[in-house]
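Each chain is listed here by its residues.
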Amino acid sequence: MQVVVLGAGIIGVSTAWHLLQRGHEVTIVDRQPDAALETSFANAAQISVSYCEPWANRDAPLKALKWMFSPTAPLLFRPQMDLAQWRWGLQFLGQCNDTAFERNVAQIVALGAYSHAALKDVVADTGIEYNRLECGIAHYYSEQQSFDGAAEAAALMQKFGVKRHILTREELLKVEPALNAYADRIVGGTFTPSDESGDAKVFTQQLAALCAQRGAQMLFDHSVERIETSGGAATAVLVRNLTSGQMRSLKADAYVVACGSYTTPLMKSVGVSVPIYPGKGYSATMRVLDPAKAPQVSMIDDSMKIAMSRLGDHIRVAGTIELGGFDTALDTPLAKKRCDMLVRRIEEVFPGMADTRTPEEGGDPQYWTGLRPATPTNIPMIGRTKIGKLWINAGHGTLGWTHGAGSGKALAELMNGEVPAMDFGFTRQTPVARRSNAGSPAAIAPKPSRA
Ligand SMILES: Cc1cc2nc3c(=O)[nH]c(=O)nc-3n(C[C@H](O)[C@H](O)[C@H](O)COP(=O)(O)OP(=O)(O)OC[C@H]3O[C@@H](n4cnc5c(N)ncnc54)[C@H](O)[C@@H]3O)c2cc1C
């Protein structure tokens, strides 16, 4: 089967890889000059199977209201004159209860476990190196009340097979001695030894290069202009060469949309509505000055809701989510405050470890922003759409790196007529559709498996 994959982030590249593994011919299209130059570029680097709770929980509405006027708040809703934003917001509110939360966690954990195994297989098969650290993730708390809630969260995750250990401050310091300088402000923590970290951009770019070696056609610097349809099925994708301006029509047996947050407008243009909205986040990557003071274990800072990961001789700190449209500016006062907060926090927790000077002070922190393709549930959309031959792999929100290898594999399996070995509610996927050929619109199930 010939497949055109739209989007060369972690999700598109991983999908392409697993399709190639199954003997399909693949073309990958991306408007950037290489893979992973948008949201998969500089995320928090965590393969976070065991810390995967969605933002939508019973406390989220009140917290979001409280945070609305704080420029450094973890979650910031910036109201726009945009129906899609308000619709998404209402759907999000609908998920803010215990029943929905548990249902969503169950699916996210299933995909996480499957994806972790898939990632390990890809690494074993390819030997890709990407500053991987298999040292686990530690979540440290500075407030007793929040730490008291950690046990409840760990017990809930245990129900789904996630092992999250509750640690005293002393135990936490044994797990990660680099926290010593901040120890007097830590009340305790949790630790998930099976989690890991690594550079999503390096991994994705190397996997893309291997896809090319295996015969995939790479159309970088090409923007997707239009998906053409006829009789309820996709018939071609119109792409534009951004260097020459030349248009080209790509015809295939199947098309996969893996365009992150931009999946929504593309799908809308063919009448498919998807609840994916951009959630802007930031990161800062700094040079490590004193490796002895730098953590190996990847970290979650509970007070600021940010994550920190060691990437070779650099440290990256990332986080916060801003719901305010497709704005990727880094030079606004709000963006500057959020980036500053990240860097200041590194200096507070690990003093003297990294070069935290601002550019004005002669430092060179690499600031970055990316748009998480967020669904109200934080569950991605993987599967068939109501348009024949058109598939989707998008909406991975806060966990696209964690779920990348597994999402790519799962979609490739579905398209190949296989049944993935996990309990996950695929988009418009039924046993009938699973057995059928990828291209046939007749195989589309009448109802989606979830809203
Ligand atoms: C601050 C931050 C921290 C994060 N930390 C983590 C973490 O620690 N762990 C984790 O698991 N996840 C994390 N994430 C989430 C993760 O980075 C994303 O879920 C993931 O990168 C999404 O991948 P994607 O392939 O769907 O999207 P993208 O990487 O954005 O890829 C989509 C691709 O589609 C292309 N595209 C879009 N529209 C078009 C068009 N019209 N024509 C041509 N090409 C197009 C883009 O150029 C892009 O390359 C974080 C995200 C942020 C923002």
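Up top is the structure these notes are about.
Analysis parameters
- Residues numbered from 1 in each chain as written.
- Predicted model: local features only at pLDDT ≥ 70, side-chain atom pairs only at ≥ 80, totals over all residues.
- Heavy atoms only, no water.
- Helix = DSSP H or I, 4+ residues; strand = E, 2+ residues; numbered from the N terminus.
- Rg over C-alpha atoms; globule rule 2.2 N^0.38 Å.
- Buried < 20%, exposed > 50% of the residue type's maximum accessible area, 1.4 Å probe, protein only.
- Contact = heavy atoms within 4.5 Å.
- Near = heavy atom within 4 Å.
- Polar contact = N/O pair within 3.5 Å; in protein donor to acceptor, adjacent residues only side chain to side chain.
- Areas by Shrake-Rupley, 256 points an atom, 1.4 Å probe, with all protein chains shown as cover.
- Pairing = 2+ DSSP bridges.
- Salt bridge = Lys/Arg side-chain N within 4 Å of Asp/Glu carboxyl O.
- Phe/Tyr/Trp six-rings, centres within 6.5 Å; stacked < 30°, edge-to-face > 60°.
- Core = buried A, V, L, I, M, F, W, Y, C linked by side-chain atoms within 4.5 Å.
- Axes fitted to C-alpha atoms, helices over the stretch in contact; angles between N-to-C directions.
- Disulfide = S-S within 2.5 Å.

Right, let's get into the overall build of the chain. The secondary structure content of the chain amounts to 11 helices and 20 strands. For a compact globule of 451 residues, the expected C-alpha radius of gyration is about 22 Å, and the chain comes in at 21 Å, within 12% of that figure. Overall size of the chain, expressed as C-alpha extent along the three principal axes, is 65 × 50 × 45 Å. The buried share of the chain, taken over its 451 residues, is 56%. Summarising the internal contacts of the chain: among those between residues at least 6 apart in sequence, 74% fall at separations of at least 24.

Note on placement: Ser 407 falls in helix α10 (residues 404-415). Given a relative accessible area of 0%, Ser 407 falls into the buried group. Residue contacts for Ser 407: discarding those within four places in its chain leaves Ile 11, Leu 111, Ser 115, Ile 382, Asn 393 and His 396.

In the vicinity of the ligand lie 35 residues, with Asp 30, Ser 40, Gln 46, Val 224 and Thr 402 positioned nearest. Here Arg 31 contributes a backbone N or O atom positioned 3.2 Å from a nitrogen atom of the ligand. At 3.1 Å, a backbone N or O of Trp 401 approaches an oxygen atom of the ligand. Here the ligand, which alone exposes 1000 Å², has 96% of that area covered by the protein. Where the shell around the ligand is concerned, the elements lending two or more residues are α1 (10-21), β10 (222-230), β14 (277-287) and β18 (366-374). The element contributing the most residues to the shell around the ligand is β18, with four residues.

It is worth spelling out the pairing of strand β20 (residues 390-394) at this point. Most of β20 sits inside the fold, with five of its five residues counted as buried. Of the two faces of β20, the one holding Leu 390, Ile 392 and Ala 394 and the one holding Trp 391 and Asn 393 are both buried throughout. Joining the antiparallel neighbours strand β19 (residues 381-384) and β20 is a turn of five residues, in which Lys 389 adopts a positive phi near 70°.

At Ala 36, a position not held by glycine, the phi torsion is positive, near 55°. Tracing the backbone through its elements, the reader meets Ala 36 in the loop between β2 (25-29) and β3 (46-47). For Ala 36, a relative accessible area of 3% puts it in the buried group.

Let us now look at the pattern of salt bridges. Per the counting criterion, the structure on display carries 22 salt bridges. In this structure, the salt-bridge partner of Asp 327 is Lys 280, at a minimum N-O distance of 3.2 Å. Taken together, the residues Asp 327 in the loop between β17 (314-323) and α9 (333-349) and Lys 280 in strand β14 connect sequence positions 47 residues apart. The closest approach of N and O atoms between Glu 322 and Arg 338, which form a salt bridge, is 3.1 Å. On the criterion of sequence distance, the pair formed by Glu 322 in strand β17 and Arg 338 in helix α9 is long-range, its members being 16 residues apart.

Let's shift gears to the packing of aromatic side chains. Here the structure, examined in full by the defined rule, presents 10 aromatic pairs. Between Phe 77 and Trp 86, the aromatic rings sit 5.5 Å apart at their centres with planes inclined by 85°, giving edge-to-face as the arrangement. Centre to centre, the rings of Trp 88 and Phe 92 are 5.4 Å apart; their planes meet at 15°, and the pair counts as stacked. Of this pair, Trp 88 and Phe 92 both sit in helix α3 (residues 83-94), separated by four residues, roughly a single helical turn. With relative accessibility at 12%, the residue Phe 92 sits in the buried group. Members of the aromatic cluster, each reached through a chain of ring pairs, are Trp 88, Phe 92 and Tyr 277.

Judged by nonpolar contacts, the single largest core of 55 residues is most densely connected at Val 26, Phe 203, Cys 211 and Met 415. Contributions of two or more residues to this core are made by β1 (2-6), α1, β2, α4 (98-126), α5 (144-159), α7 (200-213), β13 (254-257) and α10. At 10 residues, the largest contribution of residues to this core is made by α4. In this structure, Tyr 182, Ile 186, Leu 342 and Met 353 belong to the second largest nonpolar core, which totals 32 residues.

Once that is clear, we can look at the sheet that holds β20. Spatially, β9-β2-β1-β13-β20-β19 is the arrangement adopted by the six strands of the open sheet, whose pairing is mixed. The sheet is open, and its two edges are formed by β9 (217-219) and β19, each paired on a single side. Sheet twist, expressed as the mean angle between neighbouring strand axes with direction ignored, is 15°. Taken together, the four bridges between β19 and β20 define a ladder with antiparallel strand orientation. Each bridged residue has a counterpart across the sheet, and for Ile 382 the counterpart in β20 is Asn 393.

Turning next to the state of the cysteines. Counted according to the given criterion, the structure contains zero disulfides. The thiol of Cys 52 is unpaired, and the distance to the nearest cysteine sulfur, on Cys 96, comes to 16 Å. Residue class for Cys 96 comes out buried when judged on its relative accessible area of 12%.

Another aspect to go through is the sheet that holds strand β11 (residues 233-241). Taking strand neighbours across the sheet as the criterion, the three strands line up as β10-β11-β12 in an open arrangement whose pairing is antiparallel. Looking at the sheet topology across the chains shown, the edges are occupied by β10 and β12 (247-250). Mean inter-strand twist for the sheet, computed between neighbouring axes without regard to direction, equals 25°. As judged from the four bridges shared by β11 and β12, these two strands associate in the antiparallel manner. Across the sheet, the residue bridging to Arg 240 is Met 247, located in β12.

A few words now on the pairing of strand β15 (residues 298-301). Along any regular strand, the residues point their side chains to alternate faces of the sheet. The side-chain alternation of β15 yields two buried faces, one formed by Ser 298 and Ile 300 and the other by Met 299 and Asp 301. As paired elements, strand β5 (residues 137-141) and β15 share four bridges and run parallel to each other. Each bridged residue has a counterpart across the sheet, and for Ala 138 the counterpart in β15 is Met 299. Here β15 pairs with strand β16 (residues 306-311) via three bridges, running antiparallel. Following the sheet pairing, Ile 300 is matched in β16 by Ala 307. Between β15 and β16, which pair antiparallel in sequence order, lie four residues; one of them, Lys 305, sits at a positive phi of approximately 55°.

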